[in-house]
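Each chain, written out:
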Amino acid sequence: MHNETLLPESTPEGLNEFRPNIDPARLNHAPGTLVDKYGRRITYVRLSITDRCDFRCTYCMGEEMTFLPRHEVLSLEECLQVAEVFAGMGVSKLRITGGEPLVRKQAMWLIERLGALPGVDNLVLTTNGSQLDRFAAPLKAANVKRINVSLDTLRPDRFKAITRIGELAKVLRGIEAAQAAGFTRTKLNTVMMRGVNDDEFVDLVRYAVDHALDISFIEEMPLGEIHGRSETYIGSDETLARLGEHFDLTPSAESSGGPAKYWRIPGSETRVGFISPHSHNFCDSCNRVRITARGELYPCLGQNDAVHLLPILREFPGDTARLRQAIMDSMGIKPYGHDFTAQMDAPQVVRFMSMTGG
Ligand code: SAM
Ligand code: SF4
């Protein structure tokens with residue numbers, strides 16, 4: 001059994017009361033780049049291109065969802081304008097997400113242009129995999145570097161229960177299509193849920209090893225009004241300990257530029273990651289902001305403050321300077337971190353994850 005715990009240790013509760021001593025060197029960045037008041041440089045934007053989805057995962061959405069009317073959603077041209085402005089401010093990594101990004105009509109029109117955007121050298125995608133068998137090859141051709149596929153179970157009946165609609169076989173075909181199209185280091189994202197999929201963590205890691213995939217386990221977050229989360233919540237340390245009984249896990253200093261801490265399985269290419277917003281707060285090194293399908297710029301996944309870009313895009317079309325200023329201003333409301341606590345049943349953030357894109 002493995003004794004190591006994940007690093008770093010959790011930061012204090014009430015994180016935004018906490019003021020770190022900022023090294024002045026940390027505030028010294030090139031003019032025009034996006035830097036928050038804690039000296040963190042923003043180089044990564046997660047862009048949700050739709051709030052719609054062809055699944056209704058129980059931890060992500062309510063059963064009856066009302067989606068946004070089309071005019072409240074950024075057009076693909078508006079998404080591109082926003083991305084161009086960010087790229088001009090030094091953002092080099094873009095993640096396309098949703099809802100399910102590949103159900104957005106003409107999503108490839110946007111993705112092809114983002115893949116050719118000067119300064120963006122890391123265009124990546126998070127998907128539920130349902131449409132990947134159709135889109136894997138065009139995504140590769142559009143310069144998408146890497147794909148994350150959400151997969152919480154390998155059992156078809158359980159898959160149907162978790163997603164309320166989805167078909168596991170289609171997603172597995174999508175993963176194969178991604179590999180056939182030449183994607184490497186495709187990563188599975190698994191939300192850990194006690195009594196739902198915790199008996200499959202070992203099988204999921206075996207599947208990842210057998211298919212040369214990476215896998216990250218995610219602690220469930222209290223986004224949106226969904227009850228019963230505290231019964232299903234499992235922290236990363238518990239999963240790590242359980243996996244340690246079956247695999248010889250070696251801590252790795254590798255990073256994919258995100259909050260995951262990685263472990264290696266000797267003799268395989270697979271990295272096993274843990275994304276632990278509750279148990280091991282990673283806000284100190286936050287380098288990202290999120291744009292919702294409605295054009296809200298959320299500087300933090302776990303807080304409710306946002307800057308609204310859609311009115312600027314619609315009232316002042318083509319006014320890049322104004323858009324840029326609004327983005328700069330958002331740095332003023334980027335908090336030090338989220339305040340997720342173990343009180344999982346009350347939503348600590350009112351919007352569903354499908355609005356913000358994970
Ligand atoms: N539809 C795509 C997918 O499922 O990969 C992209 C959007 S989805 C909102 C992005 C990620 O958020 C998925 O990996 C999903 O498992 C995760 N997610 C959704 N709700 C969550 C929650 N409450 N806590 C933790 N992760 C969540
Ligand atoms: Fe859809 Fe992804 Fe949310 Fe599941 S996690 S409902 S696939 S947006």
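Reading the values: rules and limits
- Residues numbered from 1 in each chain as written.
- Chains lettered and ligands numbered in written order.
- Predicted model: local features only at pLDDT ≥ 70, side-chain atom pairs only at ≥ 80, totals over all residues.
- Heavy atoms only, no water.
- Helix = DSSP H or I, 4+ residues; strand = E, 2+ residues; numbered from the N terminus.
- Buried < 20%, exposed > 50% of the residue type's maximum accessible area, 1.4 Å probe, protein only.
- Contact = heavy atoms within 4.5 Å.
- Areas by Shrake-Rupley, 256 points an atom, 1.4 Å probe, with all protein chains shown as cover.
- Core = buried A, V, L, I, M, F, W, Y, C linked by side-chain atoms within 4.5 Å.
- Near = heavy atom within 4 Å.
- Nonpolar A, V, L, I, M, F, W, Y, C, P; charged D, E, K, R; others polar.
- Axes fitted to C-alpha atoms, helices over the stretch in contact; angles between N-to-C directions.
- Parallel < 35°, antiparallel > 145°, perpendicular 65-115°, else oblique.
- Left-handed = near helix turned anticlockwise from the far one by under 90°.
- Pairing = 2+ DSSP bridges.
- 1 Å grid on protein atoms, 1.4 Å probe; cavity = no way out; pocket = protein on both sides within 12 Å on 5 of 7 lines; lining within 4 Å.
- Points joined across faces, edges and corners; volume = space filled by probe spheres on them.
- Salt bridge = Lys/Arg side-chain N within 4 Å of Asp/Glu carboxyl O.

Peer 1: Just to check I follow, could you spell out the overall build of the chain for this structure?
Peer 2: For the chain, the helix and strand inventory stands at 11 helices and 12 strands. The 358 residues of the chain split such that 57% are buried. Within the chain, counting contacts between residues at least 6 apart in sequence, those at least 24 apart form 74% of the total. Put simply, the chain shows about 14,900 Å² of open surface, and 52% of that area lies on carbon and sulfur atoms.

Peer 1: Can you help me understand the nonpolar core in this one?
Peer 2: Of all hydrophobic cores here, the largest spans 94 residues; its most connected members are Phe86, Ile111, Leu114, Leu139, Leu151, Leu243 and Leu309. With 8 residues, helix H1 (residues 76–88) is the single largest residue contributor to this core. Not counting residues up to four positions away in its chain, the partners in contact with Leu114 are Leu47, Leu80, Ala83, Leu94, Ile96, Val120 and Leu123.

Peer 1: Sorry if this is basic, but what is going on with the site of ligand 2 here?
Peer 2: Neighbouring ligand 2 are the residues Cys53, Phe55, Arg56, Cys57, Cys60, Met61, Gly99 and Asn128. The residue makeup of the shell around ligand 2, split by class, is 5 nonpolar, 2 polar and 1 charged.

Peer 1: Any chance you could explain the packing of H1 against helix H10 (residues 320–330) here in plain terms?
Peer 2: When two helices pack together, their arrangement is given by the angle between the helix axes and the distance between those axes. For the pair H1 and H10, the least separation of the axes is 10 Å and the interaxial angle reads 70°. The orientation of H1 with respect to H10, classified from their angle, is roughly perpendicular. Handedness of the crossing formed by H1 with H10: right-handed. Here Gln81, Val82, Val85, Phe86 and Gly88 of H1 lie close against H10, whose contacting residues are Thr320, Leu323, Arg324 and Ile327. In terms of residue class, the contact of H1 with H10 is built from 5 nonpolar, 3 polar and 1 charged.

Peer 1: What's the story with unusual backbone geometry in this structure? I'm lost.
Peer 2: Backbone geometry follows two general trends: most residues other than glycine have a negative phi, and most peptide bonds adopt the trans configuration. Of note, the phi angle at Arg164 is positive, near 65°, even though the residue is not glycine. Tracing the sequence through the fold places Arg164 in the loop between helix H4 (156–163) and helix H5 (168–180). A positive phi angle, near 55°, is found at Ala212, a position not held by glycine. In this structure, Ala212 sits in the loop between helix H6 (201–210) and strand S6 (214–219).

Peer 1: Explain the pairing of strand S1 (residues 44–48) here, please?
Peer 2: Burial analysis of S1 places 5 of its 5 residues in the buried class, which makes it a mostly covered element. Side chains of S1 alternate between two faces, with Tyr44, Arg46 and Ser48 and Val45 and Leu47 buried alike. In terms of strand pairing, S1 meets strand S2 (residues 93–97) through 5 bridges, oriented parallel. Bridging from a neighbouring strand, Val45 pairs with Leu94 of S2.

Peer 1: I keep staring at the sheet that holds strand S7 (residues 250–252) and nothing clicks. Help me out?
Peer 2: Two pairing modes exist for strands in a sheet, parallel and antiparallel, and in both the strands are linked by backbone hydrogen bonds. Pairing within the open sheet is mixed, and its 12 strands lie in the order S7-S8-S9-S6-S5-S4-S3-S2-S1-S10-S11-S12. The sheet terminates laterally at S7 and strand S12 (307–308), the two strands that pair on one side only. Taken strand by strand, H1 contacts S1, S2, strand S10 (288–291) and strand S11 (296–298), and its axis lies near 165° from that of S10. Contacts between helix H8 (residues 236–244) and the sheet are confined to strand S5 (187–192), S6, strand S8 (261–264) and strand S9 (271–275), with S9 contributing the most and set at about 155° to the helix.

Peer 1: What is the right way to read empty space enclosed by the protein from this model?
Peer 2: The method is simple in principle: a probe with the dimensions of a water molecule rolls over the atoms, and the space it marks as empty is what remains. Counting across every chain of the model gives 2 cavities of 30 Å³ or more. Roughly 70 Å³ of internal volume is contained in the largest cavity. Looking at the largest cavity, the residues that line it are Phe55, Cys57, Tyr59, Asn128, Ser150, Leu151, Asp152, Thr153, Phe159, Ile162 and Thr163. Among the elements that make up the lining of the largest cavity, the one with the highest residue count is H4 (3 residues).

Peer 1: Which parts of the structure should I look at to understand the environment of Ala326?
Peer 2: Among the secondary structure elements, Ala326 is positioned in helix H10. Along the primary structure Ala326 and His308 are separated by 18 residues, whereas in three dimensions their C-alpha atoms are 8.3 Å apart.

Peer 1: Looking at this model, I keep getting lost on the pattern of salt bridges. Mind explaining?
Peer 2: Side-chain pairs of opposite charge can arise where the charged atoms are in close proximity. Applying the stated criterion across every chain yields a total of 17 salt bridges. The residue Arg155 makes a salt bridge to Glu200 at a minimum N-O spacing of 3.9 Å. Here Arg155 is found in the loop between strand S4 (144–150) and H4, whereas its partner Glu200 is found in the loop between S5 and H6, with 45 residues between them in sequence. Judged by relative accessible area, which is 33%, Arg155 ranks as partly exposed. Members of the salt-bridge network, linked through shared partners, are Arg146, Arg185, Asp214, Glu269 and Arg271.

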